[in-house]
Amino acid sequence: MKPIIRVENLGKQYVIGSRQGYETVRDAITQALRRPFQKVRSPKRESIWALRDVSFDAAPGDLIGIIGRNGAGKSTLLKILSRITEPTMGRVELRGRVGSLLEVGTGFHPELTGRENVYLNGAVLGMKRSEVKQKFDEIVSFAEVERFIDTPIKRYSSGMYLRLAFAVAAHFESEILIVDEVLAVGDVAFQKKCLGRMSKVSKDGRTVLFVSHNMAAVQQLTTKAVVLHQGAVQFVGDTQSAIDNYTSMAALVGTGVYEVGRDGRRLPGLSNAVEFLRLELGDKSSAILASDQDLTILATLKGNETVHNFRLSITIFAADGTPVGSAFGQENLSIQQGHRSVCQLRLEGLRLAPGSYYCGLSVGTGDPSRGHKDFDVILDVLYFEVLAPEGIAGTRSHWTPSWGAIRFPEPATGELHAALN
Amino acid sequence: MNDETIIAESICETAEVRGTAPALPLAAERESSQPLLVIQPKSGWSALDLGEIWAHRELLYFLTWRDIKLRYKQTMLGAIWAILQPLLPMVIFTLFFGRLAGMPSDGIPYSIFAYAALLPWTYFANAVSNSSVSVVGNSTLVSKVYFPRMIIPGAATLAALLDFFFGLIMLGVLMLWHHVSLHLSILMFPALAVLTTALALGIGLLFSAWNVRYRDIRYALPFVVQFWMFATPVIYPASLVPHKWRWALALNPLTGVIEGFRSALFGRPFDWMSLGFSSGVAILLLFYAGFAFRRMERTFADTI
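The structure displayed is predicted, hence computed values, not measured ones. (Residues numbered from 1 in each chain as written. Chains lettered and ligands numbered in written order. Predicted model: local features only at pLDDT ≥ 70, side-chain atom pairs only at ≥ 80, totals over all residues.)

*Asks:* Would you mind showing me how to read the overall build of chain B here?
*Replies:* If you tally the helices and strands in chain B, you get 15 helices and 1 strand. Burial statistics for chain B: of 304 residues in total, 39% are counted as buried. For chain B, restricting intrachain contacts to residue pairs at least 6 apart in sequence, the fraction spanning at least 24 positions comes to 79%. (Helix = DSSP H or I, 4+ residues; strand = E, 2+ residues; numbered from the N terminus. Buried ≥ 20, exposed ≤ 12 C-beta atoms within 10 Å, placed from the backbone. Contact = placed C-beta atoms within 7 Å.)

Next up, the structure:
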């Protein structure tokens, strides 16, 4: 059987600077006037390869994970596969329709009812009206929004909204399904349902490409994986080897600084009364922490409003995406509207086991005991590695991953009773 | 590179040797049911591919329907605005030009003379304005899902057409009121509506594609539309323009259309020369705009 997806030497070049982004006619004219003899499309412009020489095949029924850090080219690859953007070089052969769950809710309009949005979204995804009609009841019951189907979705809770969006996309009968991180949607029960849906899809002989940061989900769902690094394929093979490859690489290339941009690491829908501009590991010279070193993070914040008594909080994730733990700071920070400030967050006595980790940070008020409200949340940033504690005479001690992510303090042990012989 | 290919092959359970035909006829049969889609870089002009647009006709329908449905949402008057939009300018122009300035109107009551032109003009202006900003306005669709982008300005134009139909009701009322009887020339009316649509769509396609890169379009648009209206015999008759300037007026493809609407309604002879010119411009414009749009749409997702 021929592969259902064949990707050959795929490359995508983005031009950095004003050219690629939108511009004004004036810029174009002044540029033409300034250099009248130069062609407008000068090849000297700075460019980056978001994807380079990527090749892999997928057979019908394959469940393939695509893993890689932010900016590794995952979303560019998906955009090319779903024909949103064109590659600069190489080619892709697809034998079948591509459905993607990276655009859940695309075309949803808050003023329209659930029913209207199902039809509209179905058409956007490429479904025939008859197809939507036939699956309508199934979609609605999958999303568990039967009672509200004729209510404008602006009245929906965000969970209902996302469930409906996912349900429409998941019922699109495409031969190829691309799934991007949507499993973060909804509660645990719904996530299970989604996972079930995806494995059913693959049992029907359809191919699933699953993109995630969450190694645990990739491991659970996929049998093969492609590891992308800086736009190139770093590894292709069975999922476990791919994850090992990825986690060993994640720490090595971690930089201790993250400039908050528009790349989707920011959780949408928050007030952003105070927002993150920049995050930095305190010891930025390397993202490698000695075994008992404190974790210090410097956060550059911008106040879009004057806010008093807010706090920073942090969640640390293991490289496979499992959360390790969280900490909430005291509400002792304030910021003036329009001002910036650099705040420090310091975690002492972390006792993380040797391994690779990354962070999620939030700025907001409250804590879990009183309920909390976040102004801004940045996820999946600041990769760092914790080294194994030093053993005797410069040797490194050993820590087995199955021992977990926390190296508890040495337990107190002692004999309570002398053993009677 | 070589290693990579080997690994890449291994991901596919049944590795296939490039260039050889599949051994099993069954597999070949199954494949033929699934058309092969090849994605690769293109450059220069490409085909219009109207078949693809036809395949997405339901999306065109739904986007048009959405535009209409949302247009007058949370307004008190709702679809009545479709009637008021050409009607209110008519009242104003009748008052100032018809009554106060004594604008000639070829022997037809000024109010209906103006409305007969304002109705198609409003359609044209709305279609151009809405479609020009439509691609940028639907940036989430453009950057997240694939379909022929032409559907977006197409839907915006079609949605404006519905308002035109609403406005026809008022036209009927005015014609009864002024005892204007229908002539055989009314048969040209649908053809003129098609011609207006073609011109609006052509300009809408070009402007909407340019607007992705040059957001100036959005700001320039109101002025362009306003200037264009005064350059078209909407609120004055073409006969008002001195003979030696008629050619300049005729260079505007809307002149033939708007005068054509009046001829169709009031049974005057058609100016076939200028109608022919307008049709020629419309066809060329539509073709050019279609190909130019196809050429530009490749970078929409990267630019928007």
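*Asks:* What am I meant to see in the overall build of chain A here?
*Replies:* On a plain count of helices and strands, chain A comes out with 8 helices and 19 strands. Taking all 421 residues of chain A together, the buried fraction comes to 42%. Taking the contacts inside chain A whose residues are at least 6 apart along the sequence as the reference set, 73% of them involve residues at least 24 apart.

*Asks:* Help me understand the pairing of strand β14 (residues 307-318) of chain A in this model?
*Replies:* Each regular strand displays side chains that alternate between the two surfaces of the sheet. Residue and element names in this part refer to chain A. One ladder, built from 2 bridges, connects β14 with strand β16 (residues 333-335); its direction is antiparallel. Its bridge partner being in β16, Val307 is matched across the sheet by Ile335. Alignment of β14 against strand β18 (residues 355-367), held across 8 bridges, turns out to be antiparallel. The residue bridging Thr315 from the neighbouring strand is Gly360, located in β18. Across 5 bridges, β14 lies against strand β15 (residues 323-328) in antiparallel orientation. Of the residues in β15, the one forming a bridge with Phe317 is Pro323. Connecting the antiparallel pair β14 and β15 is a turn made up of 4 residues, with Gly321 showing a positive phi of about 95°. (Pairing = 2+ DSSP bridges.)

*Asks:* How should I be thinking about unusual backbone geometry in this particular structure?
*Replies:* If a residue is not glycine, its phi is most likely negative; likewise, a peptide bond is most likely trans. One non-glycine residue with positive phi stands out, namely Gln230(A), at about 50°. Tracing the chain through its elements places Gln230(A) in the loop between β8 (224-229) and β9 (232-238).

*Asks:* Explanation requested: the packing of helix α13 (residues 253-266) of chain B against helix α14 (residues 272-296) of chain B in the structure shown.
*Replies:* Residues and elements named next belong to chain B. Orientation of α13 relative to α14, taken along the N-to-C sense of each, is 125°, at an axis distance of 8 Å. Classed by the angle they form, the pair α13 and α14 counts as oblique. Remark: the crossing between α13 and α14 carries left-handed chirality. Contacts from Pro253, Thr255, Gly256, Val257, Glu259 and Gly260 in α13 reach Ser274, Leu275, Phe277, Ser278, Val281 and Ala282 in α14. (Axes fitted to C-alpha atoms, helices over the stretch in contact; angles between N-to-C directions. Parallel < 35°, antiparallel > 145°, perpendicular 65-115°, else oblique. Left-handed = near helix turned anticlockwise from the far one by under 90°.)

*Asks:* Explain the environment of Thr140(B) here, please?
*Replies:* Residues and elements named next belong to chain B. Secondary-structure assignment places Thr140 in helix α8 (residues 139-144). Assessed through the 14 C-beta atoms surrounding it within 10 Å, Thr140 is described here as partly exposed. Once the C-alpha coordinates of Thr140 and Ile304 are considered, the two residues, 164 residues apart in sequence, prove to be 9.2 Å apart.

*Asks:* What is the right way to look at the packing of helix α6 (residues 110-132) of chain B against helix α10 (residues 189-213) of chain B in this model?
*Replies:* Helix packing for two helices is described by the angle between their axes and how far apart those axes are. All names here are of chain B. The N-to-C vectors of α6 and α10 enclose an angle of 25°; their axes lie 7 Å apart at closest approach. Considered as vectors, α6 and α10 are oriented roughly parallel to each other. Handedness of the crossing formed by α6 with α10: right-handed. Residues Pro120, Tyr123, Phe124, Ala127, Val128, Ser131 and Ser132 of α6 touch α10, and the partners they reach there are Thr196, Leu199, Ala200, Ile203, Gly204, Phe207, Ser208 and Asn211. Per-class residue counts for the contact of α6 with α10 are 9 nonpolar, 6 polar and no charged. (Nonpolar A, V, L, I, M, F, W, Y, C, P; charged D, E, K, R; others polar.)

*Asks:* Please explain the sheet that holds strand β3 (residues 63-67) of chain A as it appears in this structure.
*Replies:* The strands making up a sheet associate through backbone hydrogen bonding, with each pair oriented either parallel or antiparallel. Residue and element names in this part refer to chain A. One open sheet accounts for 6 strands, arranged β5-β6-β7-β3-β8-β9; its pairing is mixed. The two strands at the open ends of the sheet, each matched to only one other strand, are β5 (98-100) and β9. Strand-to-strand twist in this sheet, taken as the mean axis angle between neighbours without regard to direction, amounts to 20°. Direction of pairing for β8 relative to β9: antiparallel, over a ladder of 6 bridges. Pairing of Ala225 across the sheet is with Gly237, part of β9. Sheet strands in contact with helix α2 (residues 74-81) are β3, β5, β6 (176-180), β7 (207-211) and β8, and its direction is about 150° off that of β6.

*Asks:* In this structure, what is going on with the confidence of the model for chain B? I would like to understand it.
*Replies:* Any residue range with low pLDDT should be treated as having predicted coordinates unsuitable for detailed reading. Residue and element names in this part refer to chain B. For chain B, the average pLDDT comes to 84, and 89% of its residues sit at 70 or higher. In the model of chain B, helix α1 (residues 2-11) stands out as the element of lowest mean pLDDT, 38, in contrast to α10, which has the highest, 95. Of the regions scoring below 50 in pLDDT, residues 1-32 engages in 32 contacts with residues more than four places distant in sequence or in other chains. Quick note on the complex model: pTM equals 0.72, ipTM equals 0.77. (pLDDT = per-residue confidence, 0-100.)

*Asks:* Where do I start with α14(B) in this structure?
*Replies:* Residues and elements named next belong to chain B. A rise of 1.5 Å per residue sets the reference length of α14, with its 25 residues, at 36 Å; its end C-alpha atoms lie 35 Å apart and thus fit the reference within 8%. Residues of α14 that are buried include every one of Ser274, Leu275, Ser278, Val281, Ala282, Ala289, Phe293 and Arg294, and no others. Lining the buried residues of α14 we find α10, α12 (246-250) and α13. (Expected span 1.5 Å × (residues − 1).)

*Asks:* Is there a simple way to think about the sheet that holds strand β2 (residues 47-58) of chain A in this case?
*Replies:* The strand order β2(A)-β1(A)-β4(A)-β1(B) describes an open sheet built from 4 strands, whose pairing is antiparallel. Looking at which strands have only one partner, the edges of the open sheet turn out to be β2 of chain A together with β1 (36-39) of chain B. Between one strand axis and the next, the sheet turns through 20° on average, direction left out of account. Alignment of strand β1 (residues 5-15) of chain A against β2(A), held across 8 bridges, turns out to be antiparallel. Within the sheet, the bridge partner assigned to Tyr14(A) lies in β2(A) and is Ile48(A).

*Asks:* Mind showing me how you'd approach the environment of Ala143(A) here?
*Replies:* All names here are of chain A. Tracing the backbone shows Ala143 in helix α4 (residues 129-143). In the structure, Ala143 is positioned 17 residues away from Met160 in sequence and 7.2 Å away in space, judged by C-alpha atoms. In contact with Ala143, not counting residues within four places along its chain, are Arg163, Leu164 and Ala167.

*Asks:* What am I meant to see in the nonpolar core here?
*Replies:* Nonpolar side chains tend toward joint burial in soluble globular proteins. Ranked by size, the top nonpolar core spans 183 residues in total, and within it Phe210(A) and Leu382(A) carry the most contacts. It is α6(B) that provides the largest number of residues to this core, a total of 15 residues. (Core = buried A, V, L, I, M, F, W, Y, C linked by C-beta atoms within 7 Å.)

*Asks:* Any chance you could explain the pairing of β1(A) here in plain terms?
*Replies:* The sheet contact formed by β1(A) and strand β4 (residues 89-95) of chain A spans 5 bridges and is antiparallel. Each bridged residue has a counterpart across the sheet, and for Val7(A) the counterpart in β4(A) is Val92(A).

*Asks:* Hey, could you run me through the environment of Ala159(B) in this one?
*Replies:* All names here are of chain B. You can see Ala159 is positioned in helix α9 (residues 151-177). The class of Ala159 is buried, set by 23 C-beta atoms lying within 10 Å. Residues Ala159 and Phe270 lie 111 residues apart in sequence; the distance between their C-alpha atoms is 29 Å. If near-sequence neighbours (up to four positions away) are discounted, Ala159 is found in contact with Thr64, Asp67, Ile68, Arg71 and Asn130.

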